[in-house]
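Each chain, letter by letter, is given below.
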Amino acid sequence: MCGIAGVVMAPGYAAPPAALGRAMTDVISHRGPDEAGLHHDDQALLGMRRLSIIDTCGSQQPLYGEGGQVCLVFNGEIYNYRDLREELLAAGHAFASQGDGEVVLQAFLRYGERCFEKLDGMFAVAIWDRRDQSLLLARDRFGEKPLYYSFNAQRLLFGSELKSLLQSPDCPRAIEPDALRAYLAYGYVPSPLSMLRGVSKLPPAHWLRYRDGTVETRLYWRPSLGPKHVMDDTEAEEALVERLDRAVASRLVSDVPFGAFLSGGLDSSVVVALMARHLSTPVQTFTIGFREAAYSELEDARVVARHLGTEHRELIVDPDAVSLLQTLVWHFDEPFADSSAVPTFLVSQLARQHVKMVLTGDGGDELFAGYDRYLRLLRLERLGRLRKPTAFGLGLAGALLPNPHGRRLQLVGERLRLPFAERYLSGVALTRPSVARGLSHMAGGDDHYRLPFRDHPNAYLGAGNSTLDRAVAIDLQSYLPDDILVKVDRMSMAASLESRSPFLAPELAQFALQLPVHLRVRGGVGKYLLRRVASRWLPPAVMTKPKQGFAIPLAEWLRGPLAEMAGDTFASRSFQQRGLVDPDIASRLLQQHASGRADHAETLWQLLCLELWAQRFLDADPRARTLESTASPSPEVVVAA
């Protein structure tokens, strides 16, 4: 696990000094505190920071092939690297290390960009090929590892985090209006957008080639939503057990201590149960809780930990919300309003005191239909042709009931009038169009629910498939890579902790996506087949536990420790003059929330994250600064060619 960054110049332009490469990697030292490496030639800078997990005494980067003509920096883990290594050895390739990074390099030398189709792993890769003066960037199938880039006719900048690109004086710094619109709708910035115009995220399962000042991108993989498996419950159960077991086992390859996040929910509990089957010592598990009982899953995690005999550690936290929010803003690089980032960061800090890598349950909800919004959508879609008259009736009834219940009826009616994608996304979004429109003139229009990937010719929209498949297809291309996986990557890396998601193993994910609806949802309950399998290993309470999510006492914080900060922020000159949102509306929402007349916690958090980001990354100069204003010292390998 690492962080990577670099600059490649177009022919005729000289590379910047090595000091820029060091600044770009030092600012992400939290991603790799163990080692640093830098390649510098007359046209390129490629740098990395390493968190050593496999082959800890070897595999220093950058890695070279073809007599030094090909240079690679790499972030992530390749779980099938041993099999690929044997394949390449048989084909005559030689290796100088035991790590997975060199396998990626040799696979590229043999297969070119087709090598990424062979990788089972999470990765962001940069390969500088001096033979044809091209840079190749690539990202894993589901987007577990991030990769930003910005290019023009003179150069291309890239990095695992946006703050690396901002170390370059010519990195764009103007806000992208479409990103602001999307952020005010969803609370995150969807790919390929970034919050800065002229900076993009490479979408999952894509590679990019920069050569002669131009960029080419290609999709190298997409999941298949069909044809559906034809099997009975018992056959499906056995097939799922085999794939789950292989997925978890493959992600246990490590040369350092590791453990797992354990919330007591179904997904993380299944992962821990399978880890226990493969390990001769107790699994180290970690969970955190808040003093407010409604936001704590401590007892649920204890039940599972006792049942599986794990070495369990828990922590009840009462964090300094103000300083914690500032820390989160720095690590996300862009406005990010999923408040479950808070417990994710805190449990990562706890785990890092004892291990260097953890397994998580991320991806299980998308693959096995675990979100309640899927179930609500399925119920609404059963209306069929009655949807329009039902929408009319609900709107009329809501207008006759001037109370919150009436307003809810109107909202359901409004949702039923929307086209399918918008109808589903209205249940994903944090903010309704009318609210966003009141906050900003750049938001809340007819395109409120639009996601950029839907305009791309490579988008897989699930057209013609089931209602569930169409919703899952949307989540796989936006909510999963741009919210869930962003959250777990940035928060674990903020603690210098590697996280791995077995549910996203390609074989397992593909199997799950080809399950017919009745094996994912039955009796109005999601994760049907996964629950059947899990009942072999877990106590009955886990099977019936309602989905809770990683929630925090956000409403209470915004009436308590964050209230003064929010008030000062919304009253500040920078917020008043910035023009991104209406300051009077923001202050009014805060007053209503503080008085208890309404709960605007999610919207207030969204606005607070936006303005604190702007202060940190637009008003202040983020160049050559880490969170603590100093980079972590580490050994550095510098290669000048």
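Quick look at the structure, then.

## Focus: the packing of helix 9 (residues 321-332) against helix 18 (residues 479-494)
- Contact geometry for helix 9 and helix 18: axes closest at 10 Å, N-to-C directions at 110°. By the criterion of interaxial angle, the relationship of helix 9 to helix 18 is roughly perpendicular. At the point where helix 9 passes helix 18, the crossing takes the right-handed sense. For the pair helix 9 and helix 18, contact is made by Leu328, His331 and Phe332 and by Val486, Lys487, Arg490, Met491 and Ala494, respectively.
- Partitioning the contact of helix 9 with helix 18 into residue classes produces 5 nonpolar, 1 polar and 2 charged.

## Topic: the pairing of strand 11 (residues 206-211)
- Across the 6 residues of strand 11, 5 count as buried, placing the element largely inside the fold.
- In terms of strand pairing, strand 7 (residues 134-139) meets strand 11 through 5 bridges, oriented antiparallel. Paired with Leu136 across the two strands is Arg209, which belongs to strand 11.
- The pairing of strand 11 with strand 12 (residues 214-219) spans 6 bridges and is classified as antiparallel. Within strand 12, the residue paired with Leu208 across the bridge is Thr217.
- Count of turn residues in the strand 11/strand 12 antiparallel hairpin: 2 residues, of which Asp212 carries a positive phi of about 55°.

## Considerations on the environment of Pro192
- Looking at the secondary structure, you find Pro192 in the loop between helix 5 (177-186) and strand 10 (200-201).
- In this structure, Pro192 is in contact with Ser200, Lys201, Pro203 and Pro452, ignoring residues within four places of it in sequence.

## Overview of unusual backbone geometry
- Residue Pro192 is reached from Ser191 by a cis peptide bond, and omega for that bond is 0°.
- Residue Pro227 is reached from Gly226 by a cis peptide bond, and omega for that bond is 0°.
- Mapped onto the elements, Pro227 comes out in the loop between strand 12 and helix 6 (233-250).
- In this structure, Ala369 is a non-glycine residue whose phi angle is positive, near 65°.
- Secondary-structure assignment places Ala369 in the loop between helix 11 (364-368) and helix 12 (372-381).
- By relative accessible area, Ala369 is classed as buried at 1%.

## What to know about the sheet that holds strand 14 (residues 284-290)
- Taken together, the 5 strands give an open sheet; going across it, the order is 15-14-13-16-17, and neighbouring strands pair in parallel fashion. The sheet terminates laterally at strand 15 (311-317) and strand 17 (498-500), the two strands that pair on one side only. Pairs of neighbouring strands in the sheet enclose a mean axial angle of 30°, with direction left out of account.
- Direction of pairing for strand 14 relative to strand 15: parallel, over a ladder of 7 bridges. Considered in strand 15, the bridge of Gly289 is made with Ile316.
- Those strands touched by helix 7 (residues 266-278) are strand 13 (258-261), strand 14 and strand 16 (357-359), and its axis lies near 155° from that of strand 13.
- Contacting strand 13, strand 14, strand 15 and strand 16, helix 10 (residues 341-352) crosses the sheet at an angle of about 135° to strand 14.

## Points about a negative patch on the surface
- Together, Glu292, Glu556, Asp599 and Glu602 make up a region of like negative charge exposed at the surface.
- Relative to the helices and strands, Glu602 is located in helix 27 (residues 601-619).

## Details of the nonpolar core
- In terms of nonpolar packing, the biggest core is built from 196 residues, with Phe116, Val270 and Leu538 touching the most fellow members.
- If near-sequence neighbours (up to four positions away) are discounted, Val270 is found in contact with Leu244, Phe503, Leu530, Ala534, Trp537 and Leu538.
- Judged by nonpolar contacts, the second largest core, of 21 residues, contains Leu46, Met48, Trp128 and Leu202.

## Let's talk about the environment of Ala473
- With respect to the secondary-structure elements, Ala473 resides in helix 17 (residues 467-477).
- On the basis of relative accessible area, Ala473 is assigned to the buried category, the value being 0%.
- When the C-alpha positions of Ala473 and Glu366 are compared, they lie 9.0 Å apart, and in sequence the two are 107 residues distant.

## As for the layout of surface pockets
- Space inside the second largest pocket adds up to approximately 430 Å³.
- Forming the walls of the second largest pocket are 26 residues, and the residues nearest its centre are Pro203, Pro204, His206, Phe453 and His456.
- When residues of the lining of the second largest pocket are traced back to their parent elements, those giving at least two are strand 10, strand 12, helix 17 and helix 18.
- For the lining of the second largest pocket, the class distribution of residues is 16 nonpolar, 7 polar and 3 charged.

Rules used in this analysis
- Residues numbered from 1 in each chain as written.
- Predicted model: local features only at pLDDT ≥ 70, side-chain atom pairs only at ≥ 80, totals over all residues.
- Heavy atoms only, no water.
- Axes fitted to C-alpha atoms, helices over the stretch in contact; angles between N-to-C directions.
- Helix = DSSP H or I, 4+ residues; strand = E, 2+ residues; numbered from the N terminus.
- Parallel < 35°, antiparallel > 145°, perpendicular 65-115°, else oblique.
- Left-handed = near helix turned anticlockwise from the far one by under 90°.
- Contact = heavy atoms within 4.5 Å.
- Nonpolar A, V, L, I, M, F, W, Y, C, P; charged D, E, K, R; others polar.
- Buried < 20%, exposed > 50% of the residue type's maximum accessible area, 1.4 Å probe, protein only.
- Pairing = 2+ DSSP bridges.
- Patch = residues over 30% accessible without salt bridge, like charges linked within 9 Å, V, L, I, M, F, W, Y side chains within 5 Å.
- Areas by Shrake-Rupley, 256 points an atom, 1.4 Å probe, with all protein chains shown as cover.
- Salt bridge = Lys/Arg side-chain N within 4 Å of Asp/Glu carboxyl O.
- Lys, Arg positive; Asp, Glu negative; His and termini not counted.
- Charge placed at Lys NZ, Arg CZ, Asp CG, Glu CD.
- Core = buried A, V, L, I, M, F, W, Y, C linked by side-chain atoms within 4.5 Å.
- 1 Å grid on protein atoms, 1.4 Å probe; cavity = no way out; pocket = protein on both sides within 12 Å on 5 of 7 lines; lining within 4 Å.
- Points joined across faces, edges and corners; volume = space filled by probe spheres on them.

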